[in-house]
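# Report on the structure
These are the residues of each chain, in order.
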Amino acid sequence: MPDNREVLYFLQTVPGIGNKTIRELWNYFKDADALFHANEEQLSGILSTEQTRAFLEEREKETPAERLAKLKKNGIRYCSIFDWDYPARLRVVSDCPLSLFVKGSLPQEKCMTAAVVGARNHSYYGEKQTKLFAGVLVQRGIEIISGMARGIDSIAQKAAIENGGRTYAVLGCGADICYPKESRALFEQIPEHGGIISEYLPGTMPKAGLFPMRNRIISALGDILLVMEAREKSGTLITVDMALEQGKEIWVLPGRIDDVLSCGCNRLISQGAGILTGISEFSKELEGLQKKYGISNEDKNQERHKKERTCERTKSKQDKGMIRDDYSDGMKMTSLEKEILSLLDYQPVTLEGIYEKLLQNAKASHTIQEVSTSLLNLCVKRLAIQTNGFWYIRA
């Protein structure tokens, strides 16, 4: 019987089926085995004729387990939304990737991370300051996230490695594709000092439309975002917009008012972004930021052991949709808390959103204050998580 992650990968490899359709399929069938063995009539309710044909043809080629095993043989790690090591920083993003393809490792949850982005056609000033600030970050044990693009991205990641730090490149193509080609040496170095990460299938070639989407992963994986140089209108500012939507802190390198490479940065400063006024000043700021974002080894280990015990106890159980294993058994909850927990998923939802769902389920006898109190109780019991901006997900 195929498991969740095997069927998820199978669906991702079916031509013509994208993430939106995969979510629709999963929420309809609510069971990996039932989905994989669905007949043509069942599939046609969601899939087009072409998609149904492709699904049935691919299903005859090999089992999901065999298909996933090929990926591992090629040295690429598959991390799905069902896996416990799927980055917690990504789980709280509303359109988080269903899976990641990784060469090397993923960012460590216990370490603070910083996304560093900037102009491809950079200046000497931008290059110099990027090296300095990247050096300060990794010297304090902070991991650097970027996109391995020409210019500031690659400079920051090279500086991280040269200073003995760890860095992770999020690509707008398959994790097995080096882009740009001139970054081959860096592409081969990064897995030894961090990881190459992509939400796209191996073999996916770089296309302009894929890069804006990958930017949301860069911003999500970074606890803070450093913008080193940016024009008034640039791809860098797309990353900034996504970071702001995710509630991230933005730090910006100021520049001359007549420098086109600093126009975007100066604009962000005028809108309230943090200013990188100097290495020593920023280093002091990092002390507070690391206390805010860092997770101690002890806390992380306790969390990991708890999850391992939970998985062992309830590994045969699955929630509806794309929810992970249920570990609320034995936890004392009120009827309202149970109802709220059944509505929570890995996709963030607001207090108001939960209240509306309760109303739709004819649970109108509760006030929004009672719902709010129950949500907080679930967070205290570690059955739910409150993310940035008062959004909630299932723990």
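Residues numbered from 1 in each chain as written. Predicted model: local features only at pLDDT ≥ 70, side-chain atom pairs only at ≥ 80, totals over all residues. Heavy atoms only, no water.

## Details of the packing of aromatic side chains
Under the criterion given, the structure shown has ten aromatic pairs. Here Tyr9 and Tyr78 contribute two aromatic rings whose centre-to-centre distance is 5.2 Å and whose plane-to-plane angle is 65°, an arrangement assigned as edge-to-face. Of this pair, Tyr9 sits in helix α1 (residues 4-12) while Tyr78 sits in strand β1 (residues 77-80), and the two are 69 residues apart along the sequence. Each member of the pair Tyr9 and Tyr78 is classed as buried. Measuring from centroid to centroid gives 4.9 Å for Tyr28 and Phe29, while their planes differ by 85°, and the two rings are edge-to-face. Grouped by ring-pair contacts, the aromatic residues Tyr9, Tyr78 and Phe101 constitute a single cluster. (Phe/Tyr/Trp six-rings, centres within 6.5 Å; stacked < 30°, edge-to-face > 60°. Helix = DSSP H or I, 4+ residues; strand = E, 2+ residues; numbered from the N terminus. Buried < 20%, exposed > 50% of the residue type's maximum accessible area, 1.4 Å probe, protein only.)

## Points about unusual backbone geometry
In the segment running from Tyr179 into Pro180, the intervening peptide bond is cis, with an omega of 0°. Residue Lys30 is not a glycine yet carries a positive backbone phi of 60°. Among the secondary structure elements, Lys30 is positioned in the loop between α2 (19-29) and α3 (32-36). Judged by relative accessible area, which is 41%, Lys30 ranks as partly exposed.

## Quick look at the side chain of Thr239
Tracing the chain through its elements places Thr239 in helix α12 (residues 235-245). Of note is the side chain of Thr239, whose polar atom sits 3.3 Å from the side chain of Asn215. (Polar contact = N/O pair within 3.5 Å; in protein donor to acceptor, adjacent residues only side chain to side chain.)

## Description of the packing of helix α8 (residues 124-139) against helix α9 (residues 152-162)
The contact between α8 and α9 brings their axes to 8 Å, and the two run at 40°. By the criterion of interaxial angle, the relationship of α8 to α9 is oblique. For α8 against α9, the interelement crossing comes out right-handed. The residues of α9 that touch α8, namely those facing Gly126, Glu127, Thr130, Lys131, Ala134 and Val138, are Ile152, Ile155, Ala156, Ala159 and Ala160. In terms of residue class, the contact of α8 with α9 is built from seven nonpolar, two polar and two charged. (Axes fitted to C-alpha atoms, helices over the stretch in contact; angles between N-to-C directions. Parallel < 35°, antiparallel > 145°, perpendicular 65-115°, else oblique. Left-handed = near helix turned anticlockwise from the far one by under 90°. Contact = heavy atoms within 4.5 Å. Nonpolar A, V, L, I, M, F, W, Y, C, P; charged D, E, K, R; others polar.)

## A few points about helix α16 (residues 335-343)
Taken together, the buried positions of α16 are Leu336, Glu337, Ile340, Leu341 and Leu343. Down the axis of α16, the buried set is contained in an arc of 160°. They therefore lie on one face. (Arc of directions from axis to C-beta.)

## Quick word on the pairing of strand β5 (residues 167-170)
Successive side chains on a regular strand alternate, one facing one side of the sheet and the next facing the other. Side-chain alternation along β5 places Thr167 and Ala169 on one buried face and Tyr168 and Val170 on a second face that is also buried. Relative to β5, strand β4 (residues 143-146) runs parallel, the two sharing three bridges. Residue pairing across strands places Ile145 opposite Tyr168, the latter belonging to β5. Between β4 and its parallel partner β5, the chain crosses via α9, and the hand of that crossover is right-handed. Across four bridges, β5 lies against strand β6 (residues 194-198) in parallel orientation. Directly across from Tyr168, in β6, lies its bridge partner Gly195. Assessed by its sense of winding, the connection that carries the chain from β5 through helix α10 (residues 184-189) to β6 is right-handed. (Pairing = 2+ DSSP bridges. Right-handed = clockwise from strand over helix to strand, strands pointing away.)

## Examining the nonpolar core
Judged by nonpolar contacts, the single largest core of 69 residues is most densely connected at Leu11, Trp26, Phe55, Met148 and Val227. If you tally residues by element for this core, the top one is α1, at five residues. Every residue in contact with Leu11, bar those within four places of it in the chain, is listed here: Ile17, Ile22, Leu25, Trp26, Leu35 and Phe55. The next biggest cluster of nonpolar side chains, apart from the first, holds 24 residues, and it includes Ile142, Leu226, Trp251 and Tyr293. (Core = buried A, V, L, I, M, F, W, Y, C linked by side-chain atoms within 4.5 Å.)

## Quick word on the pattern of salt bridges
By the definition in use, this model includes 16 salt bridges. The partner of Glu62 in a salt bridge is Arg67, with the nearest N and O atoms 2.8 Å apart. For Arg67, a relative accessible area of 6% gives the class buried. A salt bridge links Arg77 to Asp85; the shortest N-O distance between them is 2.4 Å. The class of Asp85 is partly exposed, set by a relative accessible area of 40%. Each of Glu58, Lys61, Glu62, Arg67 and Lys70 takes part in salt bridges that share partners, so that together they form one network. (Salt bridge = Lys/Arg side-chain N within 4 Å of Asp/Glu carboxyl O.)

## Quick notes on the packing of α1 against helix α6 (residues 64-73)
Direction vectors running N to C along α1 and α6 enclose 75°, while the axes themselves pass 8 Å from each other. Here α1 lies roughly perpendicular to α6, going by the angle between them. Of α6, the residues touching α1 (which contributes Arg5, Glu6, Val7, Tyr9 and Phe10) are Pro64, Ala65, Arg67, Leu68 and Leu71. Here the residues of the contact of α1 with α6 are counted per class, giving seven nonpolar, no polar and three charged.

## Section: helix α5 (residues 49-59)
Among all positions of α5, only Gln51, Thr52, Ala54, Phe55, Glu58 and Arg59 are buried. Each buried residue of α5 lies within a common arc of 165° when the element is viewed along its axis, so the set occupies one face. Those residues of α5 that are exposed and angled more than 90 degrees off the buried face are Thr49 and Glu50. For α5, the secondary structure elements touched by its buried residues are α1, α2, α3, α4 (40-43) and α6.

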